[in-house]
Amino acid sequence: MGLGSFHQRLQFSLLRVDRKATMGEQLNPEEKFHLITRNLQEVLGEDKLKTILQERELKVYWGTATTGKPHVAYFVPMSKIADFLKAGCEVTILFADLHAYLDNMKAPWELLELRTQYYEQVIKAMLESIGVPLDKLRFIKGTDFQLSREYTLDVYRLSSIVTEHDAKKAGAEVVKQVEHPLLSGLLYPGLQALDEEYLKVDAQFGGVDQRKIFTLAEKYLPSLGYAKRIHMMNPMVPGLTGAKMSSSEEESKIDLLDRKEEVKKKLKKAFCEPGNVQNNGVLSFVKHVLFTLHTEFVVKRDAKWGGDKVYTDYEEVEKDFAEEHIHPGDLKASVEVALNKLLDPIRKKFESAELRKLANTAYPDPSKNKGAAKGNPKKAEGDDIAPSQLDIRVGKVVSVEKHPDADSLYLEKIDVGEAEPRTVVSGLVAYVSQEQLQDRLVVLLCNLKPQKMRGVESQAMLLCASVEGEPRRVEPLDPPEGSSPGERVFVEGYEAGKPDDELKPKKKVFEKLQVDLKISGECVAQWKEKDLMTKLGQITCKTLKGGNIS
């Protein structure tokens, strides 16, 4: 049986389960398991989950720290919560107000209550927008139980056995990382672990960025005499810039209260490269939200390009986009229509004077805050980023072949001066022939977090110059003649800095630096008009003057 046939059978099976659940029909344990786990990246404790479903309904909770404004990526966990309810789960939503304060005071104490109220109103509006009945959910604030005598004693008990190393490691992907971390950030993972016991649940649901907190809970809760829980993880959904969608990055996200004109503007600027399905926030929204909520997705096109096309399977959408049968402009326009249908009821709810006042007081305009100039922490954080953090090296293409599951992608083995060549997946099929890539010297960014591209892990990014237009033109960057694999590439004036071991996706180091990576009028690669170089000379491209680098 082919992979396409398997996907079709799986999709059909899930559609059948969806229909049964929507019509109120009783699901068997296997059907509940499929509904609970679909689209998840990982489940820790699958066997325990199956055992519980044979005996009774699953009790699960999802928590959200009441920090920055919720945005459209929150539809991803909301859609999963809809799945849990269809499967008969008992679902608790935790507004983690104390966690918001502990995380480097992302929510100031004086705004904590207001932000918790805002979260409750907007999360409930989102759930109503996607047809989730609120009467089947339990809502609770962290401070409703986390300040009790019993909970506080358990915090002390936990702090006596958890090492500083384990606490710091557990929060690395979730708690804001600073040079001199506060003790509060080290407490954060332990409190999240204890919540599982005090909410009396079988499972906790969250993003895969919380995996280290989940494994800390599995390691230490039994030491307090508490059961190890099931942990279910969603994949991280890319934002509009191609990195994780973040409340603190205005350009990476669409706010739930954005007007239709703002939605159009942000989607128009969204990263959605033709044929590139990697880190594509627009496609991810189709997969994790629209196909979870609906049985079909309509790509709207002009009649001269074949007219509208109805898809009933996400895999077909991704395949057509990868093969460039779907234009990015048509995909964005179609997502815009579907997204506005979800946002309209939320916008309408927040037309009331009371809720408008709540939104404005919970999230005051920073430009009107006279104290903001003092210290200017936001600016200081951005100023810490330097091009020396990028591990850019010369590489030599040892082999190149077509990706087995994507016609628009190459699968390359590239020598970067290490014991073994790195596997690199790049979307260059339409621009560079295999013969042109074979044995050539290239430039690679080597400290991005490895990412799977159509089932194959890519361990570096092959850097290219590109010029938009019809047709789009792309050329790999060229190291100086005589360069050797593994030689470091640096920005002139930043030779002394040490590259990060791995660029943290939350910090968006490359995305912020990439804005100023350009090709000069002399075809030299530059960052803020400073040359990219090796010890032998400049990094260049052949013809794309004024192009971008990605």
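Predicted model, so just to flag it, every value in this text is computed and none were measured.

Visitor: Would you take a moment to explain helix α7 (residues 149-159) for this structure?
Guide: The periodicity of an α-helix, 3.6 residues per turn, causes residues three or four positions apart to be oriented the same way. Taken together, the buried positions of α7 are occupied by Y151, D154, V155 and L158. End-on, the buried residues of α7 take up no more than an arc of 105°, which puts them together on one face. Opposite the packed face of α7, turned more than 90 degrees from it, sit the exposed residues R149 and Y156. Buried positions along α7 lie against α9 (183-198) and α10 (211-220).

Visitor: Would you take a moment to explain the side chain of T116 for this structure?
Guide: As for its placement among the helices and strands, T116 is situated in helix α6 (residues 109-129). Every residue in contact with T116, bar those within four places of it in the chain, is listed here: T66, F95, D97 and K141.

Visitor: Would you explain the environment of V263 in this entry?
Guide: Structurally, the position occupied by V263 is in helix α11 (residues 260-269). Apart from the residues lying within four places of it in its own chain, the contact partners of V263 are I254, D258, E336, L339, N340, L343 and R347.

Visitor: Looking at this structure, I do not really get the packing of helix α12 (residues 281-293) against helix α13 (residues 314-322). What am I missing?
Guide: Two packed helices can be described by the angle between their axes and the distance between those axes. Running from N to C, α12 and α13 point in directions that differ by 170°, and their axes come no closer than 10 Å. On the basis of their axis angle, the class for α12 and α13 is roughly antiparallel. Here α12 runs over α13; the crossing is right-handed. Residues L283, V286, K287 and F291 of α12 form the contact with α13, whose participating residues are Y314, V317 and F321. Class assignment of the residues belonging to the contact of α12 with α13 gives a composition of 6 nonpolar, no polar and 1 charged.

Visitor: What is the right way to look at the sheet that holds strand β5 (residues 203-207) in this model?
Guide: Backbone hydrogen bonds are what pair the strands of a sheet, in a parallel or an antiparallel way. Judged by pairing direction, the sheet is mixed, and its 6 strands sit side by side in the order β1-β6-β5-β2-β3-β4 without closing on themselves. Each edge of the sheet is formed by a strand with only one pairing partner; in this case those strands are β1 (42-44) and β4 (137-141). Going from strand to strand, the sheet's axes swing by 20° on average, the running direction of each strand aside. Bridge count for β5 against strand β6 (residues 230-234) is 5 bridges, and the pairing is parallel. Residue F205 lies in a different strand from β6, and its bridge partner there is M232.

Visitor: Is there a simple way to think about the packing of aromatic side chains in this case?
Guide: To describe a pair of aromatic rings, one takes the distance between the centres and the angle between the planes. Counting across every chain of the model gives 11 aromatic pairs. Considering the side-chain rings of Y151 and Y198, the 5.0 Å spacing of their centres and the 65° angle between planes classify their relative orientation as edge-to-face. Of this pair, Y151 sits in helix α7 while Y198 sits in helix α9, placing them 47 residues apart in sequence. On the accessibility criterion, Y198 (23% relative accessible area) is partly exposed. Sitting above the plane of the F33 ring, K50 keeps its charged end 4.9 Å from the centroid.

Visitor: Explanation requested: the nonpolar core in the structure shown.
Guide: Side chains of a nonpolar character, in soluble globular proteins, are inclined to be buried together. In this structure, L58, F75, I81, I123, M232 and L331 are the most contacted members of the largest nonpolar core, which totals 76 residues. Not counting residues within four places of it along the chain, the set of residues in contact with L331 comprises C272, V282, L283, V286, F297, F321 and I326. In terms of nonpolar packing, the next biggest core, distinct from the first, is built from 31 residues, Y188, L194, V201 and Y220 among them.

Visitor: Would you take a moment to explain helix α15 (residues 353-362) for this structure?
Guide: The complete set of buried residues in α15 reads L355, L358, A359 and A362. Relative to the axis of α15, the buried residues are bounded by an arc of 95° and lie together on one face. When the buried face of α15 is taken as reference, the exposed residues oriented beyond 90 degrees from it are A353, K357 and N360. Of the surrounding elements, those touching the buried residues of α15 are α6 and α14 (328-349).

Visitor: Help me understand the environment of C541, please; the structure alone is not making it clear to me.
Guide: Position of C541 relative to the elements: it lies in the loop between β22 (537-538) and β23 (548-549). Spatially, the C-alpha atom of C541 lies 6.6 Å from that of V524, the residues being 17 residues apart in sequence. Discounting residues that sit within four places of it in the chain, C541 has contacts with A465, E475, L477, D478, I519 and C523.

Visitor: Got a minute to help me understand the pattern of salt bridges in this structure?
Guide: Where side chains of opposite charge bring their charged atoms close, a pairing between them can arise. Here the structure, examined in full by the defined rule, presents 28 salt bridges. As a salt-bridge pair, E323 and K319 come within 3.6 Å of each other at their nearest N and O atoms. Residue E323 is classed as partly exposed on the basis of its relative accessible area, which comes to 27%. We classify K319 as partly exposed; its relative accessible area is 35%. D478 serves as the salt-bridge partner of K542, at 3.0 Å between the closest nitrogen and oxygen. Here K542 is found in the loop between β22 and β23, whereas its partner D478 is found in the loop between β17 (473-476) and β18 (488-491), with 64 residues between them in sequence. Exposure remark for K542: the relative accessible area of 58% places this residue in the exposed category. Through salt bridges that share partners, D391, R393, E418 and R422 make up one connected network.

Visitor: How do you make sense of the side chain of N276 when you look at a structure like this?
Guide: By the secondary structure assignment, N276 is in the loop between α11 and α12. Among the polar contacts listed, one links the side chain of N276 to the backbone nitrogen of Q278, at a separation of 2.9 Å. For N276, the residues in contact, after removing those within four places along its chain, are F271, F321 and M453.

Visitor: Just to check I follow, could you spell out the pairing of β5 for this structure?
Guide: In the case of a regular strand, side chains alternate between the two sheet surfaces. Burial runs high along β5: 5 of the 5 residues are buried. The sheet contact formed by strand β2 (residues 59-65) and β5 spans 3 bridges and is parallel. Bridge pairing links Y61 to Q204 in β5. Crossover handedness for the path β5 to α10 to β6: right-handed.

Visitor: Can you walk me through the confidence of the model for the chain in this structure?
Guide: Caution applies to low-pLDDT regions: their predicted coordinates should not be interpreted in detail. Here the chain shows a mean pLDDT of 87. Residues at 70 or above account for 88%. Within the model, pLDDT remains below 50 along residues 1-7, and this stretch shows 3 contacts once partners closer than five positions in the same chain are excluded. Here residues 244-248 scores under 50 on pLDDT; set against residues more than four positions off or in separate chains, the count is 26 contacts.

Cut-offs and rules
Residues numbered from 1 in each chain as written. Predicted model: local features only at pLDDT ≥ 70, side-chain atom pairs only at ≥ 80, totals over all residues. Heavy atoms only, no water. Buried < 20%, exposed > 50% of the residue type's maximum accessible area, 1.4 Å probe, protein only. Helix = DSSP H or I, 4+ residues; strand = E, 2+ residues; numbered from the N terminus. Arc of directions from axis to C-beta. Contact = heavy atoms within 4.5 Å. Axes fitted to C-alpha atoms, helices over the stretch in contact; angles between N-to-C directions. Parallel < 35°, antiparallel > 145°, perpendicular 65-115°, else oblique. Left-handed = near helix turned anticlockwise from the far one by under 90°. Nonpolar A, V, L, I, M, F, W, Y, C, P; charged D, E, K, R; others polar. Pairing = 2+ DSSP bridges. Phe/Tyr/Trp six-rings, centres within 6.5 Å; stacked < 30°, edge-to-face > 60°. Lys NZ or Arg CZ within 6 Å of the ring centre and 35° of its normal. Core = buried A, V, L, I, M, F, W, Y, C linked by side-chain atoms within 4.5 Å. Salt bridge = Lys/Arg side-chain N within 4 Å of Asp/Glu carboxyl O. Polar contact = N/O pair within 3.5 Å; in protein donor to acceptor, adjacent residues only side chain to side chain. Right-handed = clockwise from strand over helix to strand, strands pointing away. pLDDT = per-residue confidence, 0-100.

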